[in-house]
Amino acid sequence: MALQKMSESVYVGMCHKIGTPQQVAARRDITDIMELFKNQYDVGRLMMSGSRREGFRLRDSDIDTMLWLNDHKVIWDFSQSEFYNIHRQALILCDSSESPAGFTLLWLPLERAAQIVLSSCVEMNGGLYISSLKFRETMCTSTPDRRVHGPCATGTLGIEEYGKIDHDVAYCFVSDFWPPSAASWIDRCHSWPLPYVVNDIVRNGCHFVAIGHKLGNHEDEEWRISFSQAEYKLVYSMNHTQFLTYGLLKMFLKEIINNGLGDEDKLLCSYHMKTVIFWAIQNNILPHWCPQSLLAGFWVCFKLLLKWVYEGFCPNFFIPENNMFLSKIHGQAQTCLFRRLYGLYEKGIAFLLHSPSIRSSIIDVLCNPRLTVCTDEHTLISEAEFDVELLGEIYSNETQQTSDLQRCMKILHTVEQLIGSPLSQYQVVNLRKYTATLLQCTAYILHNMYTNIGVNKQVYIVDKISCHMLKLAAKFGCISDMLYIAMYYYKTLRYREALSIIEMTKVKLAQPYLMYMDYVDRERYTAALGGQSLSTKIRQAVAVNIILDNKICYISELLPEQQSSRQNRWPNILFIPPFVLLHMLEFLSSRRVNIMKAQTALDDLQVLVNDVQGLYTGDVCRDISWEILGICQQITGNLQAALYSYQQSLAQFPFHKLQTATAQRIYDLHMPTAAI
């Protein structure tokens, strides 16, 4: 009974750290729909994999991406070539005759492929084979700021001061067919996963990543068969207790087994944890996976792992003949690891007290045996907190801007095809927001194209289309999306119309229940919008940073900043707080209509940017916020104030890489015509 209560307490603690069922489902749905949009290219395809794809958002959850050429297909025998047009697709044939289980050689029987593939080939046995070593080095060195790590090109995303995330990219090949060596897996799937999951996995084939077996005959030429796609589908099919058990195993690995060890001394990895939970579920060792049995499920997995280490054999879930301990866990290393794990086994489940992430959940029950633990999902996270995370998940994909008109139209066509499809509520909200972004990009691209041509009738028609697109985007998007309309009206000299939109936006942004990024009065937000649909909440109560693609001209006043950022930064975009842009547009438009109102707008902007708390500017946007204040001050002729603002912009963390533009603006201040 005490173990069950302890399990419930750990379940609740894990839900707070890893996510409730609803949170995990939302993350997965949003990732799935965004991957669909990212794959609107003819040449290549990508797939997110690893922890983040599975639904984890732990601090050390890397971003793992697999990339492959869409017109190169791997087949297992010549009979499968009938499914392809050999004139349009390069065929690659597997040769597993001399490779360990789970690995293969890739042969080009027709000796036709992309040049980057041909340059990675070696001659063997009278044929042309793709060398995994050469291919890996070629692809990894072609990407700046990346290093080779296993089969991947590894780099980092983000900023040191605000947290960096490792990003592993595996350049690979794809097969539409399930590997014959994994056929036994299909026959094993009696109770888990369900038949429809098995069919979906088999129908989608597998991948080949560029790394050979260290003990194989042709390590530099061999390729590892990757089941990454199958694996995330299996994780999706877990119930939440099973998923949290998997998360508990990952924490156990990081905080207990590998704690304090150098990379070379870490014999076990997260893939071993994934493998053990797969086998434990499929072998039905634990009849019921529920919150009360979380620790029992963990113990089952731990004992299975202990058995594998003792035997020195960790069977791959899809190809059991592939011993994943073979190259690393043997001899003295195996003996030491077993002794360490057996020492933990003798302590019993209490050894989890050594895990900082889990300790408090266990101690709560030990100190208060009568503690009542509620595992109901709706008590674990408030509606406001859920919405904050969900919107963060949606808007984290907002870097997917594009200045390519054809790509915009292609993705909009895909959106049109998705209308009426069975999408989740999270995917619908994400679809609406991404559609708004595409419409905004398309509107500005069209306007810039036809303004340069200068044919009056065409300019008039395009203006109508652009206005319609921006208004439609505002209906799909959030409050701050109205500023794209105001910006367009200012750009096209319609200052009164711009001010009208700004006034409406200002009223909406002043609401006490506004959610801006992760800033929100949770009580007021819930009182005003509790129980409403996500789409309604976004339209009525959400504001996010304005994103400007640096390849698109929105307003001429910010062109130098866009050009500076474009030369020095990736992703190639500016993030501007909506409150900052609102006051800037109000100032610029009012100068042509009401000079007193313009001064008021400038004063408001100055107060906003000077706010030391930075609630409405954020740390990473302070460089562009000070820059915008300086631009407005320079326009009024207040050169001393502008100089101070530009210097403050340079003193902030250079998130947007504006230094080139800022230095030029400071230089211009000393010119006779410094006031713009």
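Preceding this section is the structure that the text describes.
Conventions adopted
- Residues numbered from 1 in each chain as written.
- Predicted model: local features only at pLDDT ≥ 70, side-chain atom pairs only at ≥ 80, totals over all residues.
- Heavy atoms only, no water.
- Helix = DSSP H or I, 4+ residues; strand = E, 2+ residues; numbered from the N terminus.
- Buried < 20%, exposed > 50% of the residue type's maximum accessible area, 1.4 Å probe, protein only.
- Contact = heavy atoms within 4.5 Å.
- Areas by Shrake-Rupley, 256 points an atom, 1.4 Å probe, with all protein chains shown as cover.
- Lys, Arg positive; Asp, Glu negative; His and termini not counted.
- Charge placed at Lys NZ, Arg CZ, Asp CG, Glu CD.
- Phe/Tyr/Trp six-rings, centres within 6.5 Å; stacked < 30°, edge-to-face > 60°.
- Lys NZ or Arg CZ within 6 Å of the ring centre and 35° of its normal.
- Axes fitted to C-alpha atoms, helices over the stretch in contact; angles between N-to-C directions.
- Parallel < 35°, antiparallel > 145°, perpendicular 65-115°, else oblique.
- Nonpolar A, V, L, I, M, F, W, Y, C, P; charged D, E, K, R; others polar.
- Salt bridge = Lys/Arg side-chain N within 4 Å of Asp/Glu carboxyl O.
- Patch = residues over 30% accessible without salt bridge, like charges linked within 9 Å, V, L, I, M, F, W, Y side chains within 5 Å.
- Pairing = 2+ DSSP bridges.
- Expected span 1.5 Å × (residues − 1).
- Core = buried A, V, L, I, M, F, W, Y, C linked by side-chain atoms within 4.5 Å.

**Q** So what's going on with the overall build of the chain? Which residues, and what values?
**A** Summing up its helical and strand segments, the chain has 28 helices and 15 strands in all. Seen through its principal axes, the chain has C-alpha atoms that stretch 80 × 75 × 50 Å. In the chain, buried positions account for 55% of the 676 residues. Across the chain, the fraction of contacts at a sequence separation of at least 24, relative to all contacts at a separation of at least 6, is 69%. Carbon and sulfur atoms make up 53% of the accessible area of the chain, which totals about 30,100 Å². Charge-centre separation for the chain: the mean point of 61 positive side chains lies 4 Å from the mean point of 66 negative side chains.

**Q** Lay out the packing of aromatic side chains with the relevant residues and their values.
**A** Within this structure, the stated rule accounts for 45 aromatic pairs. Ring centres 5.4 Å apart and planes at 90 degrees place the aromatic pair phenylalanine 252 and phenylalanine 298 in the edge-to-face group. One end of the pair, phenylalanine 252, is in helix α9 (residues 240–257); the other, phenylalanine 298, is in helix α11 (residues 294–311), and 46 residues separate them in sequence. Phenylalanine 298 sits in the buried class, given a relative accessible area of 0%. Every member of this aromatic cluster is reached through a ring pair, and the members are Phe252, Phe298, Trp299, Phe302, Tyr310, Phe338, Tyr342, Tyr345 and Phe351. Over the ring of tyrosine 232 we find arginine 53; its NZ or CZ atom is 3.9 Å from the centre of that ring. One residue, lysine 250, lies across the ring of phenylalanine 56, its end atom 5.2 Å from the ring centre.

**Q** How would you explain the packing of helix α15 (residues 383–395) against helix α21 (residues 522–529) if you had to name every residue and give the values?
**A** Interaxial distance between α15 and α21 falls to 9 Å at its minimum, and their mutual angle equals 95 degrees. Classed by the angle they form, the pair α15 and α21 counts as roughly perpendicular. Residue-level inspection shows Glu383, Ala384, Glu385, Asp387 and Val388 of α15 in contact with α21, the latter providing Arg522, Tyr525, Thr526 and Leu529. Counted by class, the contact of α15 with α21 contains four nonpolar, one polar and four charged residues.

**Q** Could you give an account of the pattern of salt bridges, with specific residues and numbers?
**A** Here the structure, examined in full by the defined rule, presents 21 salt bridges. A salt bridge links lysine 73 to aspartate 176, with the shortest nitrogen-to-oxygen separation between them at 3.7 Å. A residue pair is termed long-range when its members are at least 10 positions apart, and lysine 73 in strand β2 (residues 63–75) and aspartate 176 in the loop between β9 (163–175) and α6 (183–188) qualify at 103 residues. Judged by relative accessible area, lysine 73 falls into the buried class, the value being 9%. For glutamate 503, the salt bridge goes to lysine 597, with nearest N and O atoms at 3.4 Å. In this pair, glutamate 503 is assigned in helix α20 (residues 495–509) and lysine 597 in helix α25 (residues 595–610), connecting sequence segments 94 residues apart.

**Q** Go over a nonpolar patch on the surface, please, and point to the residues and values.
**A** Where nonpolar side chains cluster on the molecular surface, the patch consists of Tyr460, Ile461 and Ile465 and spans about 300 Å² of accessible area. Judged by its relative accessible area of 37%, isoleucine 465 is partly exposed.

**Q** Describe the pairing of strand β14 (residues 546–549), with residues and values.
**A** The side-chain alternation of β14 yields two buried faces, one formed by Ile546 and Leu548 and the other by Ile547 and Asp549. By the bridge criterion, four bridges tie β14 to strand β15 (residues 573–576) in an arrangement that is antiparallel. Looking across to β15, one finds that aspartate 549 is bridged to isoleucine 573.

**Q** Let's hear about helix α26 (residues 622–636): which residues, and what values?
**A** Count 3.6 residues to each turn of an α-helix, and residues three or four apart come out pointing the same way. Helix length check: α26 (15 residues) gives 21 Å between terminal C-alpha atoms against 21 Å at 1.5 Å per residue, within 8%. Burial analysis of α26 places 14 of its 15 residues in the buried class, which makes it a mostly covered element. Phi for glycine 637, located one or two positions after α26, is positive at around 95 degrees.

**Q** I'd like to hear about the environment of proline 577, residue by residue, with values.
**A** Structurally, proline 577 can be placed in the loop between β15 and α24 (578–590). Here the alpha-carbon distance between proline 577 and arginine 622, two residues 45 residues apart in the chain, equals 9.1 Å. What proline 577 contacts, discounting residues up to four positions off in sequence, is Tyr516, Asn545, Tyr616, Thr617, Cys621, Ile624 and Ser625.

**Q** Tell me what's going on with the nonpolar core, and back it up with residues and numbers.
**A** Residues Phe37, Tyr484, Met487, Leu548, Ile576, Met584 and Ile628 are the most contacted members of the largest nonpolar core, which totals 106 residues. Here the element with the most residues in this core is helix α17 (residues 425–453); it accounts for 12 residues. Beyond its immediate stretch of four places on either side in the chain, tyrosine 484 contacts Gln440, Tyr444, Leu470, Ile546, Ile547, Leu548 and Tyr554. Among the nonpolar cores identified, the runner-up in size contains 99 residues, and Met6, Leu248, Trp299 and Val309 belong to it.

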